[in-house]
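Residue strings, one per chain:
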Amino acid sequence: MTFRLYLPMAALLGLLSACSTAPTARFESGSNSFDAPAPGSSVADAERLIQSGNHAAAVGRLREIIARYPGTTESQEAQYLLGLAHEAMGGTRDAIVAYEGYLAAAPKGKWADASRMSRDRLRSQQEASFPSLDTLDREIESLRAAHKAQPDSAEAALRLADALWMRGEYEEAGAIYIDIAKGDPDFAQSDHFKTRIEPRNDGSHTVLTPAETTRRAVARNPIEIINVNSFGAVRDSFTQVPRFFVVTGQAVNRSDQVMLGVNVNVTIYGFGNKIYDTDTTQMGDLNPGESRPFSMRFSNFRELNSIDRVEHAVSFRR
């Protein structure tokens, strides 16, 4: 049985040195130089990446600018753009941190008002999506009263069930979802219902709690690859260009069973699905909860810039 995990190109661009794995502009697709450009042009390049929708690559470029040119106007602007990039990718917390970073560095700067407005808006959204337990308990109390006053209202029942689900009262919420589905065939076929309740053949139901969902995910994919890093290693003494591409990581047995004959296969690709090199590490048997590191070194590629992506395949026997 084989399960594949994919590492996109944006996660592979951290090739500055044998001990650095953070994405940077130096190895971005199309670059032919290992030297970072001037800060002004780097900011402009990152802005173009954001405008083109390549937000992950922009994040790497912006973080390098912030680290390389602290205290400069370019570093401050990079903070603001970093907020935009994270927000576009749905990283609300990271976006808030980036906007606050800009405000700390330039409280009266060009993007101060925009950063403040974006930060406050995201905070409000976050509080609405993840209210405090006290706030949620008060809301549930109010929704119970509304449901009791309108026992035939599917809308009132659904609002109560959703609040209970958010509170972690999965069994009670599930019972309400099932009652709604009995009277509303459309709701019974909706993703809202199917992602939380699973009908059984005997007419009963399974509530798909986070714990149950996690258990099923582990059963499907008991071996997880974590802490994946890639970097250039062993620089040429004359050109200072890394001669090897190294991929490291750990294989973890998340299940409660021994996984036999665990193998991790890593393949590096160039553009256009061209396979440069592939290798397999034999991990042996992994006990429940056991993790084991791996490291693979590749030299069969045209140049580091030409590496497009890495694919991981895990095989094992139960």
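This text goes with the structure placed above it.
Residues numbered from 1 in each chain as written. Predicted model: local features only at pLDDT ≥ 70, side-chain atom pairs only at ≥ 80, totals over all residues. Heavy atoms only, no water.

**Some details on the overall build of the chain**
Secondary structure assignment for the chain yields 11 helices and nine strands. Across the 318 residues that make up the chain, the buried fraction comes to 40%. A fraction of 57% describes how many contacts in the chain between residues 6 or more apart in sequence connect residues 24 or more apart. (Helix = DSSP H or I, 4+ residues; strand = E, 2+ residues; numbered from the N terminus. Buried < 20%, exposed > 50% of the residue type's maximum accessible area, 1.4 Å probe, protein only. Contact = heavy atoms within 4.5 Å.)

**Quick notes on the nonpolar core**
One recurring pattern in soluble globular proteins: nonpolar side chains tend to sit buried together. Core analysis: the largest hydrophobic core is formed by 24 residues, its most contacted members being Ile50, Leu62, Leu81 and Leu82. Going through the elements one at a time, α1 (39-51), α2 (55-68), α3 (73-88), α4 (92-105) and α5 (112-129) are the ones with two or more residues in this core. If we skip the residues at most four places from it in the chain, Leu62 touches Ala46, Ile50, Ala78, Leu81 and Leu82. Residues Phe245, Val264, Leu286 and Phe316 belong to the second largest nonpolar core, which totals 22 residues. (Core = buried A, V, L, I, M, F, W, Y, C linked by side-chain atoms within 4.5 Å.)

**Topic: unusual backbone geometry**
Of note, Asn227 is a non-glycine position whose phi angle comes to about 50°, a positive value. With respect to the helices, strands and loops of the structure, Asn227 is situated in strand β4 (residues 223-235). Despite not being glycine, Asn273 has its phi angle at roughly 60°, a positive value. Structurally, the position occupied by Asn273 is in the loop between β6 (259-270) and β7 (275-286). A relative accessible area of 54% means that Asn273 is categorised as exposed.

**A few points about the side chain of Glu311**
Locating Glu311 in the fold gives a position in strand β9 (residues 307-317). For Glu311, the side chain forms a polar contact with the side chain of Arg309, separated by 3.1 Å. (Polar contact = N/O pair within 3.5 Å; in protein donor to acceptor, adjacent residues only side chain to side chain.)

**Regarding the packing of α2 against α3**
Two numbers describe a pair of packed helices, the interaxial angle and the distance between the axes. Two elements in contact, α2 and α3, have axes separated by 9 Å at closest approach and are oriented at 155°. Judged by the angle between their axes, α2 and α3 are roughly antiparallel. Every pair of crossing elements has a handedness; the one defined by α2 and α3 is left-handed. Here α2 contributes His55, Val59, Leu62, Arg63, Ile65 and Ile66 to the contact with α3, which in turn contributes Glu74, Ser75, Ala78, Gln79, Leu81, Leu82, Ala85, His86 and Ala88. Among the residues forming the contact of α2 with α3, the class breakdown is nine nonpolar, four polar and two charged. (Axes fitted to C-alpha atoms, helices over the stretch in contact; angles between N-to-C directions. Parallel < 35°, antiparallel > 145°, perpendicular 65-115°, else oblique. Left-handed = near helix turned anticlockwise from the far one by under 90°. Nonpolar A, V, L, I, M, F, W, Y, C, P; charged D, E, K, R; others polar.)

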